[in-house]
Each structure stands twice: as C-alpha cells, then as structure tokens.
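Tertiary structure, described
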Amino acid sequence: MDVSHILDNLNKPQRDAVSSAPQSLLVLAGAGSGKTRVLVHRIAWLLEVEKTSPFSILSVTFTNKAAKEMRGRIEELLTTPSTGMWVGTFHGLAHRLLRRHYEEAKLPQGFQILDSDDQLSMVRRIQKELSLDTKQWPPRKSQWFINKQKDQGIRSHSMEHKGDYTTRTLIAIYTAYEALCERSGVVDFAELLLRSLELIRDNAHIMQHYQQRFQHILVDEFQDTNELQYAWLQLLAGKKNLVFAVGDDDQSIYGWRGAKIENIQNFAQDFNEVKTVKLEQNYRSTSNILQAANALIANNKHRLGKNLWTEDKVGEPIKLYAAYNENEEATHVATEIQHWLTKGRQRDEIAILYRSNAQSRVFESTFIEKGIPYRVYGGLRFFERAEIKSALAYLRLTTNRDDDASFERSVNFPPRGIGDKTVSMIREYGKQNNLSLWQASKIMLQTNILKARAGNSLQSFITFINNIATEIQPMLLSQQVDFMIQQTKFIEYYSKKEGEEKGKNREENLEELVSAANSFEYRPDNEHANMSFLAAFLAHATLEAGEGENTDDEDCVQMMTMHSSKGLEFPRVFICGMEDGLFPHQNSLNEEGKLEEERRLCYVAITRAREQLTLCYAEQRRMHGSTLYGIPSQFINEIPDELIESIRAISKIKKKPILPIPKKRTANETGYAIGQKVSHSKFGSGTILDNEGAGAAARVQVNFETAGSKWLVLTYANLQKL
DNA sequence: ATATAGAATCTTTTT
DNA sequence: GATTCTATAT
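The structure contained in this document is the topic of the report that follows. (Residues numbered from 1 in each chain as written. Chains lettered and ligands numbered in written order. Predicted model: local features only at pLDDT ≥ 70, side-chain atom pairs only at ≥ 80, totals over all residues. Heavy atoms only, no water.)

With that settled, the discussion passes to the overall build of chain A. Scanning chain A from terminus to terminus reveals 26 helices and 21 strands. For 722 residues, the compact-globule estimate of 2.2 N^0.38 gives 27 Å, and chain A sits close to it at 28 Å. With the principal axes as the frame, chain A shows a C-alpha extent of 80 × 75 × 55 Å. Out of the 722 residues in chain A, the part that is buried amounts to 54%. Considering only contacts in chain A between residues 6 or more positions apart, those separated by 24 or more positions represent 75%. Surface summary for chain A: the accessible area is close to 32600 Å², and the carbon and sulfur share equals 49%. Charge centroids of chain A, computed over 90 positive and 92 negative side chains, lie 4 Å from each other. (Helix = DSSP H or I, 4+ residues; strand = E, 2+ residues; numbered from the N terminus. Rg over C-alpha atoms; globule rule 2.2 N^0.38 Å. Buried < 20%, exposed > 50% of the residue type's maximum accessible area, 1.4 Å probe, protein only. Contact = heavy atoms within 4.5 Å. Areas by Shrake-Rupley, 256 points an atom, 1.4 Å probe, with all protein chains shown as cover. Lys, Arg positive; Asp, Glu negative; His and termini not counted. Charge placed at Lys NZ, Arg CZ, Asp CG, Glu CD.)

Here we come to helix H24 (residues 592-606). If you check H24, its first and last C-alpha atoms are 21 Å apart, about what 15 residues at 1.5 Å a residue would give, namely 21 Å. Of all 15 residues making up H24, 12 are buried, and the element is well covered by its neighbours. On its buried face, H24 is in contact with helix H13 (287-297), strand S10 (350-354), strand S13 (570-575), strand S14 (609-623) and helix H25 (634-637). (Expected span 1.5 Å × (residues − 1).)

As a structural note, the neighbourhood of DNA strand B is formed by 26 residues, with Asn-64, Ser-116, Arg-355, Asn-357 and Thr-561 the closest of them. When atoms of DNA strand B within 4 Å of the protein are sorted by moiety, sugar and phosphate together comprise 54%. Trp-256 places a polar side-chain atom, nitrogen or oxygen, 3.4 Å from a base oxygen of DNA strand B. Here the surface near DNA strand B is composed, by residue class, of 6 nonpolar, 16 polar and 4 charged. (Near = heavy atom within 4 Å. Polar contact = N/O pair within 3.5 Å; in protein donor to acceptor, adjacent residues only side chain to side chain. Nonpolar A, V, L, I, M, F, W, Y, C, P; charged D, E, K, R; others polar.)

As a structural note, the neighbourhood of DNA strand C is formed by Thr-134, Arg-361, Arg-622, His-624 and Gly-625. When atoms of DNA strand C within 4 Å of the protein are split into backbone and base, the sugar-phosphate part holds 40%. Residues that form the surface near DNA strand C fall into these classes: no nonpolar, 3 polar and 2 charged.

Once that is clear, we can look at the packing of helix H5 (residues 90-100) against helix H11 (residues 227-237). Contact geometry of H5 with H11 gives a least axis separation of 12 Å together with a crossing angle of 55°. Comparing the axis directions of H5 and H11 gives the class oblique. Considering the relative orientation of H5 and H11, their crossing is left-handed. Residues Phe-90, His-91, Leu-93, Ala-94 and Leu-97 of H5 pack against Gln-229, Trp-232 and Leu-233 of H11. Broken down by class, the residue content of the contact of H5 with H11 amounts to 6 nonpolar, 2 polar and no charged. (Axes fitted to C-alpha atoms, helices over the stretch in contact; angles between N-to-C directions. Parallel < 35°, antiparallel > 145°, perpendicular 65-115°, else oblique. Left-handed = near helix turned anticlockwise from the far one by under 90°.)

The topology assignment puts Arg-608 in the loop between H24 and S14. Of the polar contacts made by the side chain of Arg-608, one reaches the side chain of Gln-251; its length is 3.4 Å. Reaching out from Arg-608, the side chain makes a polar contact with the backbone oxygen of Leu-568 at a distance of 2.9 Å.

As summarised here, the arrangement of the 6 strands in space is S3-S2-S6-S7-S1-S8, forming an open sheet in which the pairing is parallel. Edge strands, defined here as strands with exactly one partner in the open sheet, are strand S3 (86-89) and strand S8 (275-279). With strand direction ignored, the average angle separating the axes of adjacent strands in the sheet is 15°. Across 4 bridges, strand S2 (residues 57-61) lies against strand S6 (residues 216-219) in parallel orientation. Its bridge partner being in S6, Ser-59 is matched across the sheet by Leu-218. Strands S2, S3 and S6 of the sheet are contacted by H5, whose axis makes an angle of about 115° with S3. (Pairing = 2+ DSSP bridges.)

Following both chains from N to C, one finds helix H9 (residues 189-202) and helix H10 (residues 204-213) inclined at 100°, their axes separated by 5 Å at the closest point. By the angle class used here, H9 and H10 are roughly perpendicular. Facing H9, whose interface residues are Leu-199, Ile-200, Arg-201 and Asp-202, H10 presents Ala-204, Ile-206 and Met-207. Tallied by class, residues from the contact of H9 with H10 come to 5 nonpolar, no polar and 2 charged.

With that settled, the discussion passes to helix H7 (residues 139-151). For an α-helix, 3.6 residues make a turn, and residues three or four places apart therefore share a direction. When the terminal C-alpha atoms of H7 are compared, their 18 Å separation across 13 residues agrees well with the 18 Å that a helix rising 1.5 Å per residue should span. For H7, the elements touching its buried residues are helix H6 (116-129), helix H8 (165-184), H9 and H11. Once H7 finishes, Gly-153 follows within two positions and takes phi at roughly 80°, a positive value.

All right, on to empty space enclosed by the protein then. In this approach a probe as big as a water molecule rolls over the atoms, and the regions it shows empty are the leftover space. By the definition in use, this model includes 1 cavity of 30 Å³ or more. Roughly 30 Å³ of internal volume is contained in the largest cavity. Looking at the lining of the largest cavity, the elements that each hand over two or more residues are helix H3 (35-48), S6 and strand S7 (243-247). Here the lining of the largest cavity is composed, by residue class, of 5 nonpolar, 2 polar and 1 charged. (1 Å grid on protein atoms, 1.4 Å probe; cavity = no way out; pocket = protein on both sides within 12 Å on 5 of 7 lines; lining within 4 Å. Points joined across faces, edges and corners; volume = space filled by probe spheres on them.)

Turning our attention to the packing of aromatic side chains. The way to describe two aromatic rings as a pair is by their centre distance and the angle between their planes. All chains considered together, the criterion is met by 27 aromatic pairs. With a centroid separation of 6.3 Å and 90° between ring planes, the pair formed by Tyr-394 and Phe-464 is classed as edge-to-face. Of this pair, Tyr-394 sits in helix H16 (residues 386-399) while Phe-464 sits in helix H20 (residues 452-471), and the two are 70 residues apart along the sequence. Exposure class is identical for Tyr-394 and Phe-464. Each is buried. When the centroid spacing of 5.6 Å and the interplanar angle of 65° are considered together, the rings of Tyr-493 and Tyr-494 count as edge-to-face. (Phe/Tyr/Trp six-rings, centres within 6.5 Å; stacked < 30°, edge-to-face > 60°.)

Let us look at the pairing of strand S12 (residues 557-561). Among the 5 residues of S12, 5 are classified as buried, and the element is accordingly described as predominantly covered. Along S12, one buried face is formed by Val-557, Met-559 and Thr-561 and the opposite face, lined by Gln-558 and Met-560, is buried too. Note that strand S11 (residues 374-376) and S12 share 3 bridges and pair parallel. Pairing of Arg-375 across the sheet is with Gln-558, part of S12.

Right, let's get into unusual backbone geometry. Omega for the bond connecting Phe-413 with Pro-414 falls within 30 degrees of zero, at -10°, which places this linkage in the cis form. Relative to the elements of secondary structure, Pro-414 occurs in the loop between helix H17 (404-411) and helix H18 (420-433). Geometrically, the link from Phe-583 to Pro-584 is a cis peptide bond, its omega value of 0° lying close to zero. In this fold, Pro-584 is placed in the loop between S13 and H24. One non-glycine residue, Asn-9, adopts positive backbone phi at about 65°. For Ser-131, which is not glycine, the phi dihedral falls at a positive 50°. Among the secondary structure elements, Ser-131 is positioned in the loop between H6 and H7. Overall, Ser-131 belongs to the exposed group, its relative accessible area being 67%.

Within the fold, Lys-389 resides in helix H16. Classification of Lys-389 by relative accessible area gives buried; the value is 8%. Note: C-alpha distance between Lys-389 and Ser-410 (21 residues apart in sequence) is 9.7 Å. Apart from the residues within four sequence positions on either side, Lys-389 is in contact with Asp-115, Asp-117, Asp-118, Phe-383, Glu-384 and Arg-409. Within the structure, the side chain of Lys-389 is placed 2.9 Å from the side chain of Asp-118, a separation counted as a polar contact.

What follows is the structure, encoded as structure tokens:
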C-alpha cells in the first residue's frame with residue numbers, strides 16, 4: 001500500500017501521531033505546528049491504511065469554521081468519498097443526535113434552538129413572573145448561573161433547597177426556566193449537550209449503538225473542552241477509549257466560560273492514553289517571535305511543557321512603542337501601515353490585536369481620517385440582526401406554535417395593537433394553567449376574557465399564523481421565507497419607521513435571508529433526519545449564526561480582540577494597549593490562575609505574527625470618560641530585552657516624562673510595605689496588599705474596607721499612612 | 001405606544 | 001464617553 005501521499009511532507013512527530021497504532025493519543029500541538037494537518041492526515045490514515053469505515057469516525061471541533069475547514073481538507077486529501085463520517089461541532093453533533101432520537105430525548109419533533117439572546121429574554125420573563133427585581137438579580141447573572149450548572153451536568157431538581165438565599169433564588173429561577181423551555185419545546189446551547197449526554201447515558205441501546213459505531217473519535221482544540229463536553233466524549237468513547245485529542249494547554253484562553261485546562265492534563269488517566277506526541281516545530285513565525293513567546297509562557301506554572309522552534313530565520317527584533325496616549329498609539333500604527341504599503345505589501349497582511357473591543361474605536365477614527373480601509377471582527381452576525389431574528393421568529397412559530405420566545409417576539413411586531421398589558425395577561429394565564437402563550441391565547445379568546453379591541457387583534461394574529469402555516473406548506477423554502485416577509489410587511493414598517501436609508505439596509509438583509517434560504521442545502525437522509533426543510537434551515541440559522549460583517553473584497557487592515565485572533569496568522573501584528581490593568585486585565589490581577597490565562601492570551605497573540613511583531617502601550621489613556629495613567633504591561637518585562645527594540649514617541653505635547661519600563665519587581669521601592677494601613681480621600685482606609693514599580697511607575701494594591709481592592713499609582717493617589 | 005431623560009455599567013465569545 | 005436599560009411623561 002502506498003502511503004506516501006499521507007506521510008510525505010510531515011515531520012517526524014507529525015508522522016508518529018498520524019501513523020500510530022489504534023490507541024488513545026494526545027497530540028500537544030504548539031501554535032503554528034500544523035495541528036489541523038495532523039488531524040486530517042490521521043483521518044486519511046485510518047481510512048486508507050487501517051481500512052476503517054468512514055461510518056466509524058467521529059471528528060469534533062468547536063467552531064463551524066474549523067469543522068468546515070476540516071471537511072474541505074479531508075476531501076482534498078482523500079481519493080475516496082468520506083460519506084457517513086460525522087464531522088462537526090460539539091453542538092452540531094449533539095443536535096444531530098437529539099433529532100435522530102427526539103422521542104427518547106423527550107423532545108417534540110419540531111423542537112427549536114434558543115440562542116443566547118433568546119435565552120436571556122426567557123430568563124427575564126421568568127424573573128418577572130417570580131417578581132424578582134432585575135437590579136438585585138441581574139438576568140445576565142441568572143443566565144450565567146443556569147449555563148454554568150448545565151455545563152457541569154447539574155439539573156435543577158438535583159440541587160433543591162441547597163445553599164444560601166442567593167443560591168436558592170437562582171435555583172428557583174433555574175427550575176422555572178427549565179419548566180418553561182420544556183413547555184415551549186425549545187433547547188438552549190448547553191441543553192443540546194446535556195440532553196444528548198443524558199440521551200446516550202439513559203438509553204442502553206442508543207449507547208451501545210454509538211459506542212460500537214464510533215471506533216475513532218478525533219477532537220480538535222481539546223484544551224477548550226468543558227466538563228460536559230469531556231463527559232460527552234468519555235461516554236461516546238466507551239471502554240475502547242480510542243480518542244485522538246489535539247490541543248495546546250498554552251493556548252487555553254476560555255477558562256472564564258467553563259473550559260477546563262485540567263481536561264488536557266487528565267487525559268492520560270481518563271482515556272487510558274498510551275502516547276503523547278509533542279509538535280514543537282513551528283512553520284509560521286521567525287525565531288525572534290518564537291523566543292519571545294517561549295520566554296513569556298515559561299512564567300506559567302503547571303504547564304505540560306513545550307518549546308517552539310523553527311528553521312526559519314532570526315527575523316527582525318520585536319518593536320516596542322511607547323505612545324504618549326491612545327490617539328498617538330493609533331497614529332503610530334497608521335504611520336507604520338503606510339510605510340508597510342510603500343514596500344508593496346498589503347493591508348490584509350496586518351492585524352491589530354487588543355484586549356477589549358472598546359479599543360477599536362480610536363483606531364477606527366484614526367484610520368478613517370487617514371483613509372486606511374479596515375475591517376473590525378466580531379460585529380453583529382447575520383442571523384443575529386434584529387430584522388432577521390424577527391422574520392425567523394414567525395417561521396419558527398409556524399413550525400412550533402408553543403415556542404414562547406418566538407411568540408413574544410412576533411406577537412406585536414410590527415405593532416398590531418397587542419400591548420404590554422395584553423401580553424402580560426396572556427403570560428399570567430399561561431403560567432396559572434401551565435400553557436404555552438399560544439395555547440393560553442386560544443383559550444382566552446374562546447372564553448372572552450380579553451377586552452374587545454385587544455381580543456380582535458390577538459385573534460387576527462392567531463389566524464394570521466395559522467393561515468400562513470397552511471399557505472407555505474407546498475412552497476419551496478426560499479418562497480416560504482419570501483412569502484413571510486411580504487405578509488408581515490416588515491419592509492413597509494421599517495422604511496416608515498426608520499426612514500428610507502436605514503430601512504433600505506434592513507430590506508437588503510431580508511433579501512439576503514431569502515437568498516440564504518435559496519442556497520441552503522437540505523440533507524434529510526443524514527444530517528437533517530427527522531426535520532422538515534424549514535426546520536433544518538431554522539436550526540442552521542441558530543447554530544451557525546453566519547459571518548460577522550459583510551466581507552468586502554477590499555484589501556483591509558484586520559482589527560480584532562486577541563481572543564478572536566486564535567487560529568489565525570498575519571505577517572505583521574500589532575498588539576496594542578499593553579498596559580497593566582488593560583492587559584493583563586484589572587480583574588485578572590488578583591488571582592494567579594486568571595493571570596496565567598492572560599499570559600496564555602498574550603502567548604496566543606504573539607504567535608499570530610509571522611514576520612514582524614510590534615507591541616504598543618500608552619502612558620495615558622482615556623477610558624470610561626476619565627484619564628488613566630498606566631504602566632507598561634508586566635508581560636513586556638517577561639520578554640528578554642535582547643529581542644526587543646524600543647521606539648519612543650517624540651511627543652510635542654510632552655507634559656509628562658516618558659515612564660520607564662519597570663524593572664523586575666523590587667520590594668519596597670514604593671515606600672509602602674505590605675500590611676501598611678493607609679487612607680485615601682475617596683476610598684477611605686485600607687491595607688496594602690501588594691506593591692511594585694518605582695518612581696513615577698510606583699503603585700500599590702490597597703484593600704479598602706468599603707471600596708474593595710484597587711491598584712493605585714502613588715503619584716496620583718495621595719495616600720496617607722496610618 | 002412611543003419619546004426622552006436619567007442611571008448604571010463598562011473583559012474576553014462560540015454554539 | 002458611549003451604550004444600554006429603566007422609569008417616567010406625553
């Protein structure tokens with residue numbers, strides 16, 4: 001058997017991983033070390049050398065983009081078609097299981113998926129019904145609590161009467177929320193995973209079927225799995241435990257949303273792993289950039305341990321630019337971009353990375369002024385736009401009348417005289433009698449509970465939906481969507497309400513929705529089993545919210561958060577806002593674990609760069625309306641001096657001396673010892689928790705009795721020793 | 001039912 | 001400073 005097309009062009013460790021005997025394997029793949037390549041080639045190996053049937057392969061990713069890339073590259077490499085192989089995201093595959101076995105999963109056939117916005121409005125409604133003040137109980141926090149429990153596999157009934165008042169209240173919200181979802185026939189994202197886990201766990205024949213079927217499970221970005229996903233994988237893998245996991249503990253940056261870095265550390269014992277392969281040769285960056293990344297990440301404890309190296313040249317030093325303020329930071333970047341362009345390079349080779357989205361604003365206005373085209377990642381995504389969601393809500397109602405979230409969204413939009421009062425009456429009635437809003441409305445109309453005017457409006461809404469549901473029955477999907485948009489008179493409403501121009505934009509989006517429906521591929525034989533064409537499209541809209549922003553073909557500078565840069569690469573990278581408090585973020589400074597995650601984020605950001613990396617910080621920055629004086633990020637210190645070339649702003653409006661980059665922490669140059677009691681004019685009295693820096697950069701962390709703990713720059717804080 | 005003013009809040013994000 | 005939600009008035 002000629003295996004050369006599978007193994008050629010792979011380095012030694014890559015080849016080891018790809019061609020290893022059937023066994024569980026952990027591939028520790030550093031940034032830019034060719035992890036997708038290894039995954040894809042492994043699949044080819046299994047199919048062509050091990051003669052595994054595509055039916056017995058399950059390949060899981062986190063994002064649709066990764067899944068799509070995986071599918072594309074498998075097809076490219078393979079000589080035979082890979083029909084029957086399951087390749088998809090955790091959520092997508094869980095969804096598929098639930099559709100196939102909706103009865104065992106105790107779901108209605110037409111169940112719908114809630115996105116986080118829908119989920120939030122459901123939580124809001126629950127809290128209103130439970131008369132919980134949104135000030136005391138922020139719905140977002142409740143939503144977060146619910147998802148956190150689900151991500152740990154905990155159902156509300158298993159935690160009754162536990163904990164203090166706060167916890168008990170949150171549990172009550174969780175319980176009511178679960179009941180509401182049940183009644184509405186909807187599942188949220190976390191529910192997809194939890195429900196499918198329970199489905200497999202509690203149905204012996206289903207478990208047996210899938211454990212037998214999936215002989216090989218491959219997982220991408222393993223460091224991002226949460227507890228539930230880990231358990232899900234374990235369950236599907238069964239006793240055989242043939243899991244091929246690819247990940248990088250140094251790139252774990254989603255701990256704050258439940259990802260457990262421990263999962264990659266526990267892999268060996270839980271999956272009877274017999275082999276670990278490290279991919280450390282990097283094919284992306286210059287050696288200077290890699291050395292900087294290696295030195296930085298070496299400051300983290302509890303690593304599995306890896307050191308990236310390259311055969312590439314040393315490359316240019318890392319540039320460090322000290323800007324006077326945030327505007328000057330942006331101006332400098334703009335100047336550098338223009339210089340880059342004069343060398344015949346392109347704008348889309350450049351990425352500007354920052355910690356928080358708000359930082360993009362200054363760059364945007366500077367670039368507009370200088371006429372530099374740019375694209376900001378992470379805007380509103382297509383299927384999340386208000387007009388799209390509203391149109392979809394109508395379509396969802398025709399599929400499942402009990403979908404309360406969609407009912408609420410469409411009942412008075414566009415306005416048809418069903419006001420807040422009427423809707424709350426329906427909610428109340430539904431709650432009393434455990435009915436969906438739709439059913440409640442129907443009974444209320446029959447029993448004449450409502451006033452004539454509201455009743456008439458509600459009746460015409462009910463009739464409207466019923467009629468449409470019948471009328472669209474024979475139509476093609478795109479006609480159904482189009483018909484719905486016509487009947488609801490969205491376009492007329494928007495152009496009247498928001499004027500020609502803005503309304504025009506919405507109209508275009510709605511037209512885009514029709515064409516999205518037109519090009520949607522329906523696969524009832526596998527992926528979309530047990531779903532109508534329309535239901536499949538609706539699920540697709542929620543699970544794959546589509547690209548953010550319309551992708552213009554114009555050559556643009558790319559701007560994004562460091563988080564969203566993961567997985568991408570650019571010849572030229574600027575990491576901006578490198579100031580303590582901004583990056584690492586203020587909220588991460590107090591906990592070692594959080595600080596390490598910030599450092600990993602920095603590692604991710606650095607390793608995006610291929611040729612040239614520039615770090616920027618500003619001494620002065622306007623944030624939340626007031627001016628802050630920052631000190632350079634501690635991460636700058638952690639990069640060896642010899643890799644860095646400093647550039648200083650020659651500021652005309654030089655009001656303050658440029659702050660020196662602080663040396664490694666030296667105790668008590670601040671003059672404040674840890675434990676010293678101090679008082680502050682605004683925050684009152686407190687105790688010094690930590691101190692660092694010297695001279696103008698000296699600052700201390702104070703734990704105030706009433707105001708909590710804060711970092712203060714001594715020059716401005718005016719502390720009194722007590 | 002909508003418009004406006006004041007208040008609160010202000011990492012990171014995919015599904 | 002900017003956005004987003006809430007309360008209040010019209």
